[in-house]
Structure formats: structure tokens, C-alpha cells
Amino acid sequence: AGSSAHALAAAVMGKHSKNNNERAFFSHAERQAAKYGRHSSGLLGGHNTAGGNFVDTGWGSHKRTLDSDAMKDLDACSLTLVPCVDPVITPKGVVYDKQVIYQYILDRKAEIERELRAWTAQQEAEAAGAASEAARAADQRVEEFVARQEGLSKSDLASRRPSDPSSSGGAVGALMGRTLVEDTGKHAADTSFWVPQLTPQSKSLLDKPDGVVRCPITNEPLKLKQLYPLSFTRADESLTSAETLAKPRNERYICPLSKKALSNTNPAAFLRPSGTVVSVSCVDSIIKKDMVDPFTDPPTRLKEKDIIPLRVEGTGFAAKTDEKALKVTKTDVMGF
């Protein structure tokens, strides 16, 4: 009975190893594996076996960098990361779901309007402050002129002006009506900097907002008229759209020319005249020979800008991943 209970507990908890444990800290083996990459394994050739080493089979290597689970699907929306119901594509090859990107554009326009109103109010406040300061300086010059005409000294003129606690040069700290500190020295700003009226105030200034709605992936200007609808060829035409989206990533769509599945390992391109998506290999071997879109009636002459490669996140293997396509320009545009 004891052995069966132990076996049941082991089956429920699972096998503990160097890479599967409940410790709240990194072990030496985990640190060594993390030092060399991603894919730590106890399989044949792994560092847990005889002859294995961390350099070749640590948590990654020069050949294997990321799992395919970390890569966006070819037909997935670049914002929601789920397969598109109504896909559209930008001139840079970024795929979005139509409803999602339309909502993003509307929300971004509303946000730009709010930012523009706040920036306009800041500009008006700065102009009003500058005008007030100029008027105060003019009044002070008039007072000094009158004082010189009357033969008054600077101390006499200062006694005429109303006292300003903020410019008195001292510091008084009080709490609930009780004076905690009173510093009247000329260095009060340095020795009693913690007193509220001497605390430095950071003035946050707003930059003029960019009035252009930009693509959240490439930071390029995003326009509705440049969102072209995509037409994928289903691997099984008998399935509905919902059933197709429920299929695995490599079983949803195929190239209409080669009949091969479209994926990150078999990237695709978009033909703008017909909206058809074909594999890049067929574009190079068939389409570019005559530069004609065979899916229109009659066939349409193509230009280079009419062939848009779909942006591919990568495959998980360095040899198949285009690092230039993975590079994203830094942007301050906020999404959802």
C-alpha cells in the first residue's frame, strides 16, 4: 500500500529534475544553462546526459533561439496576435484584423485630439504667464522711476511694496498651527530645503503631439485607403471560416499555385490587384517571370509595389529568421 501511494504521488507531482523543480532560486545547473541560451534538455545530447555540454544544448544555441510558440502566426493580427477574421495588410506587409485596426485608428485619433488640446492649453498658459511677467516687470520699472524722482532709497521702496512670503528669503515650517522651524538666514533655501515653500517644483512640459496616426509595428503613417483586404486560400474549402481558424497554424491556408501550406517557414506575399496571397517561392519562380497577376480576369500587369511580402516574425531558427524584419523602430505610440 505504501509503494502504491508513493507511485501515485509521483505520478501526480511529476518527475523533478534539474529543469523541473519547485525551488524558489536558480541552481548552478540552471545558471549555467541560462548563460548559454534557451533550450535546456535532458534528451540525447543534452547537458544532463553523459557527453552533453551547456554550450551546444543550453537554453538555446546559435542555431535555435526561440520556440515557434514565441512567433506570431502568418495570418495572425499584429495587435491581438490571434488569427484574423477579416485580414487587411499595410504597404509594409503588416497584417491586421480589420475591426481591430479600425478601432485602433479611431482610438488613436481621439487620443491625438486630447493631447493636442492639452498642448494648446499649455501654450496658452505659458503665453499668459509671460505676459503677466512682462507687465509686472513694467510696473516695477515705473515704481523705481517714481522712487528715483522722489529721492527714495531701495529700502524705502521695498517697504512700500506688499510683503510676499514666497520671496522673503526665509523658511517657516508649520504643522497644525505649530511652528516647527523658522529660518530667516540668507541660506534658508539650502539649509531648510524640505520646507514646503522651498521644495523644488518640477515643471512637466508637453511636447507637441504627432498629428499622424502611425502603424504600431513599423511607426509608418497609417491610412485607411492603404489597408488592403487579404484573400487567403483555405486548405479545406468545405470548412467554414470559424472552423478554418480553429485549425493548427500550418493547416489553415495554402498557396493556390503550389498547394503548399503557408507558414513562417513558407512565407507568403500579397498581390494587390486580386488580393490573393501566394507563397514567396511561387512569386519568385512564376509571378515575377511575366509580372502578371493570374488571379484577375483579364490578368493584370504588376509593378514591384503591387507585390507585398507578408511580415514574418521568424521560425525559431536563426538561419530562417530575417533579423531586419524583426527590427521595430522605437515609437511612443500607445496601443490598447
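Residues numbered from 1 in each chain as written. Predicted model: local features only at pLDDT ≥ 70, side-chain atom pairs only at ≥ 80, totals over all residues. Heavy atoms only, no water.

A. Examining the nonpolar core more closely. Membership of the largest hydrophobic core comes to 39 residues, with the highest contact counts inside it found for Ile89, Tyr96, Ile101, Ile307 and Leu310. The set of elements that each furnish at least two residues to this core consists of β1 (87–89), β2 (95–97), α4 (98–150), β8 (268–271), β9 (276–279), α8 (280–290) and β12 (307–309). At five residues, the largest contribution of residues to this core is made by α4. (Core = buried A, V, L, I, M, F, W, Y, C linked by side-chain atoms within 4.5 Å. Buried < 20%, exposed > 50% of the residue type's maximum accessible area, 1.4 Å probe, protein only. Helix = DSSP H or I, 4+ residues; strand = E, 2+ residues; numbered from the N terminus.)

B. Quick peek at unusual backbone geometry. In this chain, aspartate 297 is followed by proline 298 through a cis amide linkage whose omega measures 0°. Note on placement: proline 298 falls in the loop between β10 (292–293) and β11 (300–301). One non-glycine residue, asparagine 219, lies in positive phi territory at about 65°. Relative to the helices and strands, asparagine 219 resides in the loop between α6 (188–191) and β5 (228–229). Since its relative accessible area comes to 19%, asparagine 219 is described here as buried. A positive phi angle, close to 55°, is found at methionine 291, a residue other than glycine. Along the chain, the position of methionine 291 falls in the loop between α8 and β10.

C. Structural context of the pairing of β9. Neither face of β9 is open: one carries Thr276 and Val278, the other Val277 and Ser279, and all of them are buried. Pairing of β8 with β9, which is carried by four bridges, proceeds in the antiparallel orientation. Residue pairing for β9: alanine 269 is matched across the bridge by valine 278. Connecting β8 to the antiparallel partner β9 that follows it, the hairpin turn spans four residues, and glycine 275 within it adopts a positive phi of roughly 80°. (Pairing = 2+ DSSP bridges.)

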